[in-house]
There are 2 protein chains.
Amino acid sequence: MAARIHNFNPGPAALPVSVLEETREALVDFKGSGMSIAEVSHRSVIFEEVINHAVDRVKRLLKMSDDFKVLFLQGGASLQFSMVPMNLIPSGLSADYINTGTWATKAIKEIEILGLPHKVIASSEDRNFCYIPKEYDVSQGAAYLHYTSNNTIKGTQWASTPKAGKIPLVSDMSSDIFCRPFDPAPFGLIYAGAQKNLGPAGVTFVIIREDMLERCPKNIPTMLRYSTHAGKNSLYNTPPCVSIYMVSLVLKWIEETIGGLDAMERRNRQKAELLYNFLDQSDFYKGTADKDSRSLMNVTFRLKSEELEKKFTAEAGKHSLGGLKGHRSVGGCRASLYNAIELESVKALIEFMKDFAMKNG
Amino acid sequence: MAARIHNFNPGPAALPVSVLEETREALVDFKGSGMSIAEVSHRSVIFEEVINHAVDRVKRLLKMSDDFKVLFLQGGASLQFSMVPMNLIPSGLSADYINTGTWATKAIKEIEILGLPHKVIASSEDRNFCYIPKEYDVSQGAAYLHYTSNNTIKGTQWASTPKAGKIPLVSDMSSDIFCRPFDPAPFGLIYAGAQKNLGPAGVTFVIIREDMLERCPKNIPTMLRYSTHAGKNSLYNTPPCVSIYMVSLVLKWIEETIGGLDAMERRNRQKAELLYNFLDQSDFYKGTADKDSRSLMNVTFRLKSEELEKKFTAEAGKHSLGGLKGHRSVGGCRASLYNAIELESVKALIEFMKDFAMKNG
């Protein structure tokens, strides 16, 4: 086996080694069943336990009441962009959106395609989405307020849950779910593609408050109704079993190895502060996000020229530091410091950055 | 490691051991990348090769022209039930459906929910779907003719591709894709949940003819338009990478280990004939499907009473023969003999069935 690299990929992203090793064990014989985790029936007791234990862990991690359902769906956040408005806008109401970057823009585009009523109540597009808007007025009686909690491409993150009074929040937490504790009470729905902080690509994690289920209309496709999946414990049709199993192992790792979400946040702050502090004292690298809007998960920065950035990511690759290229839509560099990234990887990155700056400064 | 059982599960189902073992190797370090197959970027060269090689294998296996696109989607056949009519019915046209069982009925239900024009031109519901209809008249100018090639629950299968003249065929091949060769030319679209003959649950295999892409409307969600995925080689958003990788290994196994689809069919016929011949000479077991409509993939049979059937599946389990319970909607027993099932497993099943009949006859 080759040595594992320091993997700063934006998603699919690094997973805890223990999760990969446990999955490997389950691949030919899962728990003495004589079958792979890929071969067991989704309606078997052995698999229902996987789902139920995962749901229980989520409830414990978030100290979440039984008013919420935890679902494992498919199609990624990109399908949620459509499912959310199809399900959660009662007749006569309109939804509010805050635009903080590429993914929020895509979410807004999907409600436009559906022709459903909505209003963009705030945006940080004026400065290329390098900050989180401070001021916004939630529309009275809005169906929900949708926001993207962390902006993978722009390197910004909401420092805390936005205030919306009694209007239910809907959040795309794909790139920062479980990076820190939060109170689920104000949320009507939370969704997250698993491939950043939760597991492999191929499963979409959803938390929905039970009163939202009453909004789901009957005249949309069965598979696109949250109530379909909530009523069947995510087993309406065959779910992505292997991916759900891996998510269950990541949740176990957060709860048992890391010690829960408070410990997870301390670990993530330590990693991010180390890298941001280094950026702030450097003349060679320049962070792109406003300081008060910086993401714990995706640290975006630029070098003096695109040529230098290209050289930087190429040489980093030779030093076992992978995934540092910025998103193709914005260029630059990005280090994604998701939950599974170890402090030692951040230290290795900083050492390389120091060395590269010295040689190319 | 416990001994592997004879796994007759209807899906998720048995996979070739070589596929499971190769996946296991890729789980911590994929091809010397220092990353798991679950951690590599879907936009990396290493992963694009996985997709491209899989597409190439499909084209070779089916001797398929470049008029067809191969896609890897999410949501299972259940989401295809809605995506097909949303995309493939041009304004003013209506679609034809043939109803041969539970899954065909569900496909028809979804077009009803969408309120799109359609006609059920044949059905075998009169005898509880125990046969494939022989006669049907395809409507002139129909948008497509939809049929379910194999009926997992009822144990029936189309012996050959139905004739529909110039009307494009659309087929749910979830439970028999690649069990035998077929000519793709008359098909506008083919779809299959992977978890029976192709891989693990969590990826939906689609073949679409290019002229069908022109039908996809712009006013439906981006993720639900076939043209979105066809234009991006299944990489519009993050695809289910691990599941696609496993499908690529199953395709390699069909092509290189089995020797292609002719060899696959011979192997499948040998297995199914062995079991059907045994059923036909037995007074103790009784096949439920008409002989001319029998499935190569799912052999459904009854015993004299439900008590005896319960005893049968329980005792079979003790003899390492798993997954023999019929679908909960119909009861009885079912042995699923998908591609990965070895002849020795069928022989072991028949030996057990003989012994059980002797002791309980």
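Residues numbered from 1 in each chain as written. Chains lettered and ligands numbered in written order. Predicted model: local features only at pLDDT ≥ 70, side-chain atom pairs only at ≥ 80, totals over all residues. Heavy atoms only, no water.

**Things to note about the overall build of chain A**
Of regular secondary structure, chain A possesses 10 helices and 14 strands. The globule rule puts the C-alpha radius of gyration for 361 residues at 21 Å, and the 21 Å found for chain A is close to it. Seen through its C-alpha atoms, chain A measures out along the principal axes to roughly 65 × 55 × 35 Å. For chain A, the residues scored as buried account for 64% of the 361 residues in total. The long-range share in chain A, meaning contacts at least 24 apart out of those at least 6 apart in sequence, stands at 67%. Approximately 13,700 Å² of chain A is accessible, and the part contributed by carbon and sulfur atoms is 49%. Distance between charge centroids for chain A: 3 Å, based on 43 positive and 40 negative side chains. (Helix = DSSP H or I, 4+ residues; strand = E, 2+ residues; numbered from the N terminus. Rg over C-alpha atoms; globule rule 2.2 N^0.38 Å. Buried < 20%, exposed > 50% of the residue type's maximum accessible area, 1.4 Å probe, protein only. Contact = heavy atoms within 4.5 Å. Areas by Shrake-Rupley, 256 points an atom, 1.4 Å probe, with all protein chains shown as cover. Lys, Arg positive; Asp, Glu negative; His and termini not counted. Charge placed at Lys NZ, Arg CZ, Asp CG, Glu CD.)

**With respect to the pattern of salt bridges**
Residue and element names in this part refer to chain B. By the definition in use, this model includes 36 salt bridges over all chains. With a closest N to O distance of 3.4 Å, Asp-292 and Lys-134 form a salt bridge. Separated by 158 residues along the polypeptide, Asp-292 in the loop between β11 (286-287) and β12 (298-302) and Lys-134 in the loop between β4 (118-123) and β5 (145-148) bring together distant segments of the chain. Of the charged contacts, one joins Asp-280 and Lys-291 as a salt bridge, the two residues approaching to 3.7 Å between their closest N and O atoms. Here Asp-280, found in helix α8 (residues 261-280), pairs with Lys-291, found in the loop between β11 and β12; they are 11 residues apart in sequence, far enough to count as distant. The class of Lys-291 is exposed, set by a relative accessible area of 60%. (Salt bridge = Lys/Arg side-chain N within 4 Å of Asp/Glu carboxyl O.)

**Some points on the sheet that holds strand β3 (residues 95-99) of chain B**
Sheet strands associate in pairs through backbone hydrogen bonding, adopting either a parallel or an antiparallel arrangement. Residue and element names in this part refer to chain B. As summarised here, the arrangement of the seven strands in space is β2-β10-β9-β8-β5-β3-β4, forming an open sheet in which the pairing is mixed. Looking at the sheet topology across the chains shown, the edges are occupied by β2 (68-73) and β4. In this sheet, neighbouring strand axes are inclined to one another by 20 degrees on average, regardless of whether the strands run parallel or antiparallel. Bridge analysis of β3 against β4 gives five bridges, and the strand direction is parallel. The residue of β4 that forms the bridge with Asn-99 is Ser-123. Each of β2, β3, β8 (169-172), β9 (187-193) and β10 (204-209) is contacted by helix α3 (residues 76-88), which is oriented at about 160 degrees to β9, the strand it contacts most. (Pairing = 2+ DSSP bridges. Axes fitted to C-alpha atoms, helices over the stretch in contact; angles between N-to-C directions.)

**What to know about the interface of chain B and chain A**
Counting residues at the interface gives 63 residues for chain B, matched by 63 residues for chain A. Between chain B and chain A lies a buried interface of about 4,800 Å² when both sides are counted; carbon and sulfur atoms form 60% of it. Counting across the chain B and chain A interface gives two salt bridges. Close ionic contact of Arg-4 of chain B with Glu-39 of chain A constitutes a salt bridge, the shortest N to O distance being 2.9 Å. Our enumeration of links across chain B and chain A arrives at 20 residue pairs in polar contact (both at pLDDT 80 or more). Contributions of two or more residues to the side of chain B that touches chain A are made by α1 (17-26), α3, α4 (102-114) and α7 (241-258) of chain B. (Buried area = accessible area lost by both parts, 1.4 Å probe. Polar contact = N/O pair within 3.5 Å; in protein donor to acceptor, adjacent residues only side chain to side chain.)

**What to know about helix α9 (residues 306-318) of chain A**
All names here are of chain A. Helix length check: α9 (13 residues) gives 19 Å between terminal C-alpha atoms against 18 Å at 1.5 Å per residue, within 8%. Those residues of α9 that sit buried are Leu-308, Glu-309, Phe-312, Thr-313 and Ala-316. The buried residues of α9 occupy an angular sector of 135 degrees when projected down its axis, which confines them to one face. α9 presents Glu-307, Lys-310 and Lys-318 as exposed residues on the side facing more than 90 degrees away from its buried surface. Downstream of α9 by one or two residues, Ser-320 has phi in the positive range, about 65 degrees. (Expected span 1.5 Å × (residues − 1). Arc of directions from axis to C-beta.)

**A word on the nonpolar core**
Membership of the largest hydrophobic core comes to 128 residues, with the highest contact counts inside it found for Phe-72, Phe-178 and Phe-205 of chain A together with Phe-72, Phe-178 and Phe-205 of chain B. Beyond its immediate sequence surroundings of up to four residues, Phe-72 of chain B is in contact with Ile-51, Ala-54, Val-55, Val-203, Thr-204, Phe-205, Ser-234, Ile-244 and Val-247 of chain B. (Core = buried A, V, L, I, M, F, W, Y, C linked by side-chain atoms within 4.5 Å.)

**Quick notes on the relation of the copies chain B and chain A**
Superposition record for chain B on chain A: RMSD 0.0 Å, screw rotation 180 degrees, translation along axis 0.0 Å. Taken together, the rotation and translation relating the two chain copies correspond to the operation of a two-fold axis. Considering only C-alpha atoms, the residue of chain B closest to the rotation axis is Arg-24 of chain B, which sits at 2.5 Å. Counting the interface residues of chain B, we find that 100% of their copies in chain A are interface residues as well, pointing to one common contact surface. (Least-squares fit on C-alpha atoms with pLDDT ≥ 70 in both.)

**Notes on the environment of Ser-124 of chain B**
Residue and element names in this part refer to chain B. Locating Ser-124 in the fold gives a position in the loop between β4 and β5. Using a relative accessible area of 0% as the deciding quantity, one classes Ser-124 as buried. Note: C-alpha distance between Ser-124 and Leu-308 (184 residues apart in sequence) is 28 Å. Dropping the residues within four chain positions of it, Ser-124 is found in contact with Asn-99, Thr-100, Phe-129, Cys-130, Tyr-131 and Pro-133.

**Thoughts on unusual backbone geometry**
In this chain, Gly-11 of chain A is followed by Pro-12 of chain A through a cis amide linkage whose omega measures -5 degrees. Its location among the elements puts Pro-12 of chain A in the loop between β1 (6-7) and α1 (17-26). A positive phi is found at Ser-234 of chain A, a non-glycine position, where the angle reads about 65 degrees. On the secondary structure map, Ser-234 of chain A appears in the loop between α6 (226-230) and α7 (241-258). Look at Ser-234 of chain A and you get buried, because its relative accessible area is 2%. Even without a glycine there, the phi angle at Asn-128 of chain B is positive, about 50 degrees. Its place among the elements puts Asn-128 of chain B in the loop between β4 and β5. The class of Asn-128 of chain B is exposed, set by a relative accessible area of 52%.

**Considering the domain arrangement of chain A**
Residues and elements named next belong to chain A. The domain boundaries assigned to chain A delineate domain 1 (17-258) and domain 2 (260-360). Computed over C-alpha atoms, the centres of domain 1 and domain 2 are 27 Å apart. Domain 1 puts 27 residues into the contact, and the matching count from domain 2 is 27 residues. Of the roughly 2,300 Å² buried at the junction of domain 1 and domain 2 (both faces included), carbon and sulfur atoms supply 55%. Our count for the domain 1 to domain 2 interface comes out at 15 residue pairs in polar contact (both at pLDDT 80 or more). For the side of domain 1 that touches domain 2, the secondary structure elements donating two or more residues are α2 (45-62), β7 (156-157) and α7. With four residues, α7 is the largest single contributor of residues to the side of domain 1 that touches domain 2. Taken together, the residues that form the side of domain 1 that touches domain 2 break down as 13 nonpolar, seven polar and seven charged. (Domains from an automatic or database assignment. Nonpolar A, V, L, I, M, F, W, Y, C, P; charged D, E, K, R; others polar.)

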